[in-house]
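# Descriptive analysis of the structure
The primary structure of each chain is shown beneath.
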Amino acid sequence: MAQESPKNSAAEIPVTSNGQLEDSHEHSFNRDLKRSLPVGLGLSETKITSHGFDSTKEGVVEAGPFPGSSASPKSSVIYPSSAAASRLAGQGCDLIIPTGGRAQQKTGPVVLADEVKNPAMEKLELVRKWSLNTYKCTRQIISEKLGRGSRTVDLELEAQIDILRDNKKKYENILRLAQTLSTQLFQMVHTQRQLGDAFADLSLKSLELHEEFGYNADTQKLLAKNGETLLGAINFFIASVNTLVNKTIEDTLLTVKQYESARIEYDAYRTDLEELNLGPRDANTLPKIEQSQQLFQVHKEKYDKMRKDVSIKLKFLEENKVKVLHNQLVLFHNAIAAYFAGNQKQLEQTLKQFHIKLKTPGADAPSWLEEQ
């Protein structure tokens, strides 16, 4: 009997619409597959597994030696059709020959990832370093307050810092008093304006005292106008001093605080290094001394940098302070003198000299024509 051609031995595997194998054609596929194997095949086990998209079924074909055959085992050769092969490849089929055969296993690309750092360990290390640094700084502060520890002192720089803090308190007191004067002057100007309006109203209604009420009305309105001019000069003085005290000086004092923190850290690590140097030197202490020396050098460089920054800021602050306060004190003096002397022209000239523009009441609010 003539054997069938191997090219037509494997049947196609029909697949339903949901990706599962059709059970009615599975049997015919296994039959055609067995026909394609040559007679006397000694393969102990052949397992073909096909996976569908959603199905967990497996198609298993096991082929053993035919009864009565004495032929030696030979390797199996499967010739599926092109359509069946394409379907098997699309569904991810695997051919596994576990016993005595050569298995070729398909695997994906192997990616060698770098060593993954543990974020928890990094945070724990940061907390450990912060705790150790805080402990050393706290111990240094307590030792200095108890008089047991030594501290690094720059006499010239410390004197400048003390003067700056003392001046800041005095400038804050001047600023507070100037704000009180501005509030009281505003109330007085408001009262004078109301008094002038009352006199003007009475001058119209009292014919026998028309001139007297009119003079007083003009005087109060003039005083109110000059008071508004003086109020503008005082408010300008307050704004300039407030910028100097609460921004410029405060920024310098913030740098001073950073300098003091760097000084405490420097002294703390310096004390640790001195204590290690006084102790024995052996294989256990030498690495600690070397590490302590490195940390001491790092904090020493930080301390020197902060000391230099503070010196530069103090120098620029002194120059800026003299320039600003000189102009503001001249303005304050000339405005007060001209107001109480009744010299309206001199008062207005003082404001022009310092480029101060008075805000007319209601000038910022747009008119009803502009809102349309």
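Residues numbered from 1 in each chain as written. Predicted model: local features only at pLDDT ≥ 70, side-chain atom pairs only at ≥ 80, totals over all residues. Heavy atoms only, no water.

Labelled according to an unreviewed UniProt entry, the protein appears under the name ARFP1 protein, originating from Chauna torquata.

Within a pair of aromatic rings, the relevant descriptors are the distance that separates the centres and the angle that separates the planes. Counted according to the given criterion, the structure contains six aromatic pairs. Here F199 and F213 contribute two aromatic rings whose centre-to-centre distance is 6.1 Å and whose plane-to-plane angle is 35 degrees, an arrangement assigned as tilted. Linking F199 in helix α4 (residues 155–205) with F213 in helix α5 (residues 210–278), this pair joins segments that are 14 residues apart in sequence. The buried category is assigned to F199, whose relative accessible area is 18%. Given a relative accessible area of 19%, F213 falls into the buried group. Between F237 and F332, the aromatic rings sit 4.9 Å apart at their centres with planes inclined by 40 degrees, giving tilted as the arrangement. Taken together, the residues F237 in helix α5 and F332 in helix α6 (residues 285–341) connect sequence positions 95 residues apart. Within the aromatic cluster, the residues linked to one another by ring pairs are Y259, Y266, F296 and Y303. (Phe/Tyr/Trp six-rings, centres within 6.5 Å; stacked < 30°, edge-to-face > 60°. Helix = DSSP H or I, 4+ residues; strand = E, 2+ residues; numbered from the N terminus. Buried < 20%, exposed > 50% of the residue type's maximum accessible area, 1.4 Å probe, protein only.)

Before going further, it helps to spend a moment on the environment of F213. Along the chain, F213 and A200 lie 13 residues apart, while their C-alpha atoms are 6.4 Å from each other. Residues in contact with F213, not counting those within four places in the same chain, are F199, L202, S203 and S206. (Contact = heavy atoms within 4.5 Å.)

Moving on, we come to the side chain of E265. Tracing the backbone shows E265 in helix α5. A polar side-chain atom of E265 sits 3.4 Å from a polar atom in the side chain of K302. When near neighbours in sequence (up to four residues on either side) are disregarded, E265 contacts N133, C137, H299 and K302. (Polar contact = N/O pair within 3.5 Å; in protein donor to acceptor, adjacent residues only side chain to side chain.)

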